[in-house]
Amino acid sequence: EAGVAQSPRYKIIEKRQSVAFWCNPISGHATLYWYQQILGQGPKLLIQFQNNGVVDDSQLPKDRFSAERLKGVDSTLKIQPAKLEDSAVYLCASSLGPGGGAGYTFGSGTRLTVV
Amino acid sequence: AQSVTQLDSQVPVFEEAPVELRCNYSSSVSVYLFWYVQYPNQGLQLLLKYLSGSTLVKGINGFEAEFNKSQTSFHLRKPSVHISDTAEYFCAVSGSWGYQKVTFGTGTKLQVIP
């Protein structure tokens, strides 16, 4: 089975610019997650989708971050405008069902550097 | 809400020696517990998970973990490590019902010394 695909792998932008990340989950996985992993820290959930509806976005900085999952498959995470503290790896994960019990499958991540 | 504490940020160990990576959790409800491994420049891979039943859980690559409810711990063990086990290991927890998000610890870097 194909894994979770993410692109790009690396991105360098200047502060105040905008950037978008793309994720294609495993086929049939209804739940999709975006995590932010800052260097030296564990991943932090930004947003969780169940099909194309948002289940949890309580830690998403909504003044600058947005995410969508059209048609319940692919997802895009956008940052506009970017700040220096947004430098991190952005991980997408998917699972068959909600909650942790099904186990997540992670993509390789997008490493964002804001200069 | 649930949280996990990984007590060691780095653990050096000689090749073929045993290792234990410690994890304690906090929750007011029943939980699921996980260990993930992250190799450099890669995403996280599930090592093992505890959902219910036997408290001793076996995972991939020879790792196992024991759920101890009284001590709220879920320590990861391997009897003999290899160079290829050098990676960062994350303990994680979620509630056991509904749309419960998975919360990760800060990670433990395992360095296997030849």
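What you are looking at is a predicted structure, and each value in this text was computed from that prediction instead of being measured.

What about the overall build of chain B?
Thought 1: Along its length, chain B carries zero helices and twelve strands.
Thought 2: A compact globule built from 114 residues should have a C-alpha radius of gyration of about 13 Å, and chain B, at 14 Å, falls within 12% of that.
Thought 3: Here the C-alpha coordinates of chain B stretch approximately 45 × 30 × 20 Å along the principal axes.
Thought 4: For chain B, buried positions account for 45% of its 114 residues.
Thought 5: Pairs at least 24 apart in sequence give 56% of the contacts found in chain B among residues at least 6 apart.
Thought 6: Put simply, chain B shows about 5600 Å² of open surface, and 51% of that area lies on carbon and sulfur atoms.
Thought 7: Between the averaged position of the 8 positive side-chain charges in chain B and that of its 8 negative side-chain charges there is a distance of 10 Å.

Quick look at the confidence of the model for chain A
Thought 1: Looking at chain A, the pLDDT average stands at 92 and 97% of residues meet or exceed 70.
Thought 2: The least confident element of chain A, judged by mean pLDDT, is strand β10 (residues 105-106) of chain A at 90; the most confident is strand β8 (residues 75-79) of chain A at 98.

Describing the pairing of strand β4 (residues 23-26) of chain B
All names here are of chain B.
Thought 1: Judged by which residues are buried, β4 turns out to be one-sided: C23 and Y25 face inward and are buried, whereas N24 and S26, on the alternate face, are not.
Thought 2: Pairing analysis gives four bridges linking strand β1 (residues 3-6) to β4, with the strands arranged antiparallel. Pairing of Q6 across the sheet is with C23, part of β4.

Section: the pattern of salt bridges
If charged atoms from side chains of opposite charge come close, those side chains can pair.
Thought 1: Per the stated rule, a full pass over the model turns up seven salt bridges over all chains.
Thought 2: In this structure, A:R64 engages A:D86 in a salt bridge whose closest nitrogen and oxygen atoms are separated by 2.5 Å. Of this pair, A:R64 sits in the loop between β6 (53-56) and β7 (65-68) while A:D86 sits in the loop between β8 and β9 (88-95), placing them 22 residues apart in sequence.
Thought 3: Residue classification places A:R64 among the buried residues on the basis of a relative accessible area of 10%.
Thought 4: Of the charged contacts in the structure, one is a salt bridge between B:R22 and B:D8, with a shortest N-O distance of 3.0 Å. On the criterion of sequence distance, the pair formed by B:R22 in the loop between β3 (19-21) and β4 and B:D8 in the loop between β1 and β2 (10-14) is long-range, its members being 14 residues apart.
Thought 5: Counted as one network, the salt bridges with shared partners bring together B:E20, B:E66 and B:R77.

Cut-offs and rules
- Numbers given for residues are sequential positions, taken from 1 along each chain in its written order.
- Going through the entries in the order they are written, you letter the chains from A and number the ligands from 1.
- Where totals are concerned, whole chains, interfaces and linings use all residues; where local detail is concerned, this predicted model gives features only for residues with pLDDT of at least 70, and gives and counts side-chain atom pairs only at 80 or more.
- Just so you know, side-chain values use all the structure's heavy atoms and leave hydrogens and water out.
- Comment: elements are numbered from the N terminus, with helices defined as DSSP H or I runs of at least four residues and strands as E runs of at least two.
- The atom set for the radius of gyration is the C-alpha atoms, and the globule formula is 2.2 Å times the number of residues raised to the power 0.38.
- Each residue's exposure class comes from its accessible area (1.4 Å probe, protein chains only) as a fraction of the maximum for that residue type: buried when under 20%, exposed when over 50%, partly exposed otherwise.
- Two residues form a contact once any of their heavy atoms are found within 4.5 Å.
- Residue burial considers only the protein chains on display, and all accessible areas are found by Shrake-Rupley using a 1.4 Å probe.
- Charge counting follows a simple rule: Lys and Arg are positive, Asp and Glu are negative, and His as well as the terminal groups are ignored.
- Every charge is mapped onto a representative atom, which is NZ of Lys, CZ of Arg, CG of Asp or CD of Glu.
- Think of pLDDT as the predictor's per-residue confidence, scored from 0 to 100.
- Think of it this way: DSSP has to see at least two bridges between two strands before they count as a pair.
- Any Lys or Arg side-chain nitrogen found within 4 Å of a carboxyl oxygen on Asp or Glu counts as a salt bridge.

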